[in-house]
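Chains, contacts and geometry: an overview
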Amino acid sequence: MLTKKKAFYLVFCMVLGFFVYYRGITPLIAQNPESDDNNIYKQLELFNTVISKVQHDYVEEVPAKDLIYGALKGMLGSLDSHSQFMDPESYGEMKVDTEGQFGGLGIEITVKDHILTVVSPIEDTPAFRAGVAPNDRIIKIEGKSTKNMSLTEAVKKLRGKPGTPVRIHVLRPDTNEFLEFEIVRDIIKIQSVKDTKLVAEDIGYVRVTQFQENTAKELEEALKELESKNIRGLILDLRNNPGGLLNEAVDVADKFIGGNKVIVSTKGRIPSQNKEYRASHITTHPNVPLVVLINGGSASGSEIVAGAIQDWKRGILIGTKSFGKASVQSVLPLQDGSALRLTTAHYYTPNGRLIHKVGIEPDITVEYNAAKKKDGVEEKEEEDKPFPFDDDEEEKKEEPEFPEIKDNQLLRAVDLLKGLMIINQQGVLSKTDTETNEKNAVTQ
């Protein structure tokens, strides 16, 4: 049994040992004054002093856990805009995000230039329908300034019970407008692969809205559906795709790259973060002409896909410059159910480009022109008919095989693919004609 006397003696020995150790390393520290900044023991002494002062002198009693959590949030938040300490509740919400369903407004946010910024609204969500746009700067949430607000705090304020409203004020950099939105929260269900269809004869279209679990599998099914219709050109729409899971983005790019080529590489401070992610040896889909649509809402995983396709000249990028997020976050669970989300590396395109805070420039820049809405219904002038119709006979109008394309970026992609398809067809015909002529010459 440990008596008071023995306990006192044990504590005394521990203190004496630490004193001897501290005195022993003091001369070493003195030889290099700059080492104080990197000496964890010296800095922890300051930290311990502050904790003690707060616990003793602060106007109200604060639980030790709250002080430690607050310190950890501040420490991680001071590193960069993507690193953060997540308490158990926040960590749970993050895991739900990647599974594809959560409650909130439907926007991906980050901190850009120290300002809370919308990466992209998620399609068919309250924020998207309200008109929130990529790069909108969120100035206030429920009247409270977002200055110095962490991502974790912002997410907590934006999320809530479905059916409840939240009011945000944004600055739109493109127009310098201050806008106010009152958005009703809803359950956000994310379908990562959407709108698989033909947009013109022999031209397939598929849109990837986010990289989450099973995105690559869903895309595989969509591509097989399009290939069953004998497509000769494909449009992959990555506009307003804020990214997601790295491995899913790599698997998506793999479907078009093949040949064991590098899709993306990551480089960090420690050797274990220096990795290359390569495509499989065989391309899983026909090498049809490919166009990829990107814009300012295309970030992270979508930039990995677009960058690989651009560097390997597998397709043509159309649209506007992407967001420019090329940092890799590792999620490190902790023993109490909390976790660290820590930036551990940057990723590079196959040609070694670091696009962080720079973005990817498309091969062909096409600014998006939103369709103008007019009040009322426009009356179309009746066209001159080449021959008269009987009054009793109704003119039969054939419905177009493909819907009219009002999206000017998509229309540009379709036109480009049509041109490439014509060139490819002419190339095949020329080759056939040449072979025929050679055969005839030999026969003669």
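Below: a short report on this structure.

Basis of the calculations
- Residues numbered from 1 in each chain as written.
- Predicted model: local features only at pLDDT ≥ 70, side-chain atom pairs only at ≥ 80, totals over all residues.
- Heavy atoms only, no water.
- Helix = DSSP H or I, 4+ residues; strand = E, 2+ residues; numbered from the N terminus.
- Buried < 20%, exposed > 50% of the residue type's maximum accessible area, 1.4 Å probe, protein only.
- Contact = heavy atoms within 4.5 Å.
- Areas by Shrake-Rupley, 256 points an atom, 1.4 Å probe, with all protein chains shown as cover.
- Phe/Tyr/Trp six-rings, centres within 6.5 Å; stacked < 30°, edge-to-face > 60°.
- Lys NZ or Arg CZ within 6 Å of the ring centre and 35° of its normal.
- Patch = residues over 30% accessible without salt bridge, like charges linked within 9 Å, V, L, I, M, F, W, Y side chains within 5 Å.
- Salt bridge = Lys/Arg side-chain N within 4 Å of Asp/Glu carboxyl O.

1. Quick notes on the overall build of the protein chain
Within the protein chain, the regular secondary structure consists of 10 helices and 19 strands. For the protein chain, buried positions account for 38% of its 444 residues. Of the contacts made within the protein chain by residues no fewer than 6 positions apart, 66% connect residues no fewer than 24 positions apart. For the protein chain, the exposed surface amounts to about 27,600 Å²; the carbon and sulfur share of it is 53%.

2. Points about the packing of aromatic side chains
Applying the stated rule across the entire model yields 1 aromatic pair. With centroids separated by 5.0 Å and ring planes inclined at 65 degrees, the aromatic side chains of Tyr 69 and Phe 85 adopt a geometry described as edge-to-face. Of this pair, Tyr 69 sits in helix H3 (residues 64-77) while Phe 85 sits in strand E1 (residues 84-86), and the two are 16 residues apart along the sequence. Positioned above the aromatic ring of Phe 323 is the side chain of Lys 112, whose terminal nitrogen or guanidinium carbon lies 4.4 Å from the ring centre. For Lys 267, the ring lying beneath its charged end belongs to Tyr 348, and the centroid distance is 4.8 Å.

3. Concerning the environment of Met 94
By the element assignment, Met 94 lies in helix H4 (residues 88-99). Overall, Met 94 belongs to the buried group, its relative accessible area being 19%. Dropping the residues within four chain positions of it, Met 94 is found in contact with Met 86 and Val 331.

4. Here we look at a nonpolar patch on the surface
Side chains of Ile 40, Tyr 41, Leu 44, Phe 47 and Ile 68 sit close together on the surface and give an oily, nonpolar patch of about 480 Å² of accessible area. Here the nonpolar patch gets 4 residues from one element, more than from any other, and that element is helix H2 (residues 40-57). Here Ile 40 is to be found in helix H2. You can call Ile 40 exposed: its relative accessible area is 52%.

5. Notes on the pattern of salt bridges
Scanning all chains against the criterion turns up 14 salt bridges. Lys 255 is paired through a salt bridge with Glu 220; the nearest N and O atoms lie 2.9 Å apart. Of the two residues, Lys 255 sits in helix H8 (residues 246-257) while Glu 220 sits in helix H7 (residues 215-227), which places them 35 residues apart along the sequence. Relative accessible area serves as the criterion here: at 18%, Glu 220 is assigned to the buried category.

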